[in-house]
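Observations on the three-dimensional arrangement
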Amino acid sequence: MAESMKGLHRTHRCAETVNAAIGSEVTVMGWVSKSRNKGGIVFTDLRDRSGILQIIFEEDTIGSEGFEKAGRLRSEFVIAVTGTVQNRAGAENPNLATGKIEVVAKALRILSESEVPPFPVEDGIKTKEDIRLKYRFLDLRRPEIQKNIMLRSKVTTSIRAFMANEGFLEIETPMLCKSTPEGARDYLVPSRIHPGNFYALPQSPQLFKQLLMVSGYDRYFQIAKCFRDEDLRADRQPEFTQVDMELSFVDIDDVIDVNERLLKDMFKKAIDVDVQLPIQRMTWQDAMNRFGSDKPDLRYGMEMVDLDEIAKACDFAVFKGAVEAGGAVRAINVKGLGGLARKKIDALTDFVKGYGLKGLAYISIPKDGEEKCSFAKFMKSEEIEAIKTATAAEAGDLILIVASEKWNLTVTTLGALRCHVADTYGIYDEAKGDFDFSFRDDYRFVWITEFPLLEWSEEENRYVAMHHPFTMPMDEDLDKIESDPGAVRAKAYDIVLNGVEIGGGSVRIHQDDIQELMFKTIGMSKEEAEDKFGFLLTAFKYGVPPHAGLAYGLDRLLMLMTKADTIRDVMAFPKVKDASDLMCQAPNVVDPKQLDELFLSIEPTDEEGQDGDVHMDDAF
């Protein structure tokens, strides 16, 4: 039977007992991790969020009744123990922070008993994730998950302290907003008071934070919940957290400066990593040319090499035709994989075919053995040598080449192949001239700047904003908006860490004429702009300062800081791939009365009357 606290007060968390004097009395409370009854003595590992502490129960010290209770302890029982701190005589555990001490119990209270848990509450378990998420309250007890959640708190605390010191105001923005369906789908919330009308949950606080700049608050930030109704990935959830900010009277360098110092402060305080400033900057065009990605992973080499000039002069139709059609031929040199088996090269070929290419060309140069070139019969030996020279190839290298009549398809496919090879074979840093089966254990940041302002949508047959329609064009490209919109660069910037975009932002348009031109270029009429963004455009008529901002994906950032495989491991209560909550069984059906109050009805789509569509009732 569970006992009450009744006058007990915890003096220390488990790991805090290392600071207690030997021989002093402490009271600790937590969950039983393991308990081992050795006959005349019971060894119990007590766990709380700080760590694990060994408790010793001996009949001479705790009495026969207490010793009998100790013998009943099982995993996940919640207990309170009062006892004396002593050194572990010759039985130290170097794997525990408390490994040099233990507590000899004088009193024990069983505060709560536990059923046998569905999986061991310990690190390194192989339990399927859906089971762990169904019992998330147990999974959250595991030390590795608790470490992540506590780090999350430490990070957000450091962010708030830094931002306050920099003169930012923390201001909350609404959760119930107007739907502005640009980009991802909104989560909609029906209104009971306004039948037939819906709120939208915010995809970001974008419009509100710009309004705060109009309102004169100068520097705003918020750790904001955001929502997007989109397909999930390892680094994506339907509800997520942004570290959002906006600044007035600034340009690109000002935003980058404060964020570099924020990152340096955050990483040092949270995980004791020194971020070297200034962080490298790279234009979008340079990133695409060198890495085939606007979020390049700089932990390893394998930069793309332009083979267009060699391809133009050769007779190999695949290469020559790609360049003549306006496409490209690009290569990467994979150091150390010159002896890769043909079967594994075929797997790489299948990978690029998945991106729409017809095949993959290669030159294999093993350290011992015969060189192999998949296109040797189509090119002269001196042309093949020119490719090897261009890629700085030497014994032990593998040259991978892709060609396409579309430049974008060529570079993005090879960029994806570069990451795939690095991930599959653990390519070490090329600058080290080494090869290993693990990535470098560090954090490589890079700013990507000068994104295209617009991109052509084949589906909509018009230009659309690459970021959002309030992004400022580069000053020197303003005269191209009407004549050559595809060539206009944006005052936009992303911060990338180890090949993952962790944040992005832009300088905003604050001039009426440029904003009108932007709307016109993306085919948005004045009426449509007014309907979607009327309240913001109205505010802009009353004096708007130059302003810019940035937002981090906090969950994604924490995933990288902790080296977790998924953002689910850094969120307390995440969703699974179909956006459902296995623990709460959400989403779920609701009481018909609730639907009636909202003037909604469910129209069945099958004979069983399930999987129906939602419709507004005819009642209003």
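Everything below is about the structure printed above this text.
Here goes a summary of the coordinates provided. (Residues numbered from 1 in each chain as written. Predicted model: local features only at pLDDT ≥ 70, side-chain atom pairs only at ≥ 80, totals over all residues. Heavy atoms only, no water.)

Attention shifts here to empty space enclosed by the protein. One pass over the full model with this rule turns up three cavities of 30 Å³ or more. Counted as a void, the largest cavity has a volume near 50 Å³. Looking at the largest cavity, the residues that line it are T173, P174, M175, C177, P202, S204, P205, F208, Q222, A224 and K225. The leading source of residues in the lining of the largest cavity is strand 9 (residues 219-227), at three residues. A per-class count over the lining of the largest cavity returns seven nonpolar, three polar and one charged. (1 Å grid on protein atoms, 1.4 Å probe; cavity = no way out; pocket = protein on both sides within 12 Å on 5 of 7 lines; lining within 4 Å. Points joined across faces, edges and corners; volume = space filled by probe spheres on them. Helix = DSSP H or I, 4+ residues; strand = E, 2+ residues; numbered from the N terminus. Nonpolar A, V, L, I, M, F, W, Y, C, P; charged D, E, K, R; others polar.)

Let us look at the nonpolar core. In terms of nonpolar packing, the biggest core is built from 103 residues, with F267, L400, V421 and F445 touching the most fellow members. If one sorts the elements of this core by residue count, helix 6 (residues 252-271) sits on top with nine residues. Every residue in contact with L400, bar those within four places of it in the chain, is listed here: R330, A331, I332, V334, L348, L360, A361, Y362, L414, L417 and V421. Judged by nonpolar contacts, the second largest core, of 23 residues, contains L46, I55, L73 and F77. (Core = buried A, V, L, I, M, F, W, Y, C linked by side-chain atoms within 4.5 Å. Buried < 20%, exposed > 50% of the residue type's maximum accessible area, 1.4 Å probe, protein only. Contact = heavy atoms within 4.5 Å.)

Our focus in this paragraph is the environment of G326. As for its placement among the helices and strands, G326 is situated in the loop between helix 9 (317-324) and strand 13 (328-335). It is 6.0 Å that separates the C-alpha atoms of G326 and E405, two residues lying 79 residues apart in sequence. Not counting chain neighbours up to four residues away, the residues in contact with G326 comprise E405 and W407.

Across all of its chains, the model carries 14 aromatic pairs by this definition. Both rings, one in F267 and one in F445, keep their centres 5.3 Å apart while their planes meet at 80°; by these two values the pair is edge-to-face. With a gap of 178 residues between them, F267 in helix 6 and F445 in strand 17 (residues 445-449) connect regions that are remote in the sequence. A residue is classified by how much of its surface remains accessible, and F445, at 8% relative accessible area, is buried. Here a set of aromatic residues connected by ring pairs shows up, and it is made of F316, F319, F375 and F378. (Phe/Tyr/Trp six-rings, centres within 6.5 Å; stacked < 30°, edge-to-face > 60°.)

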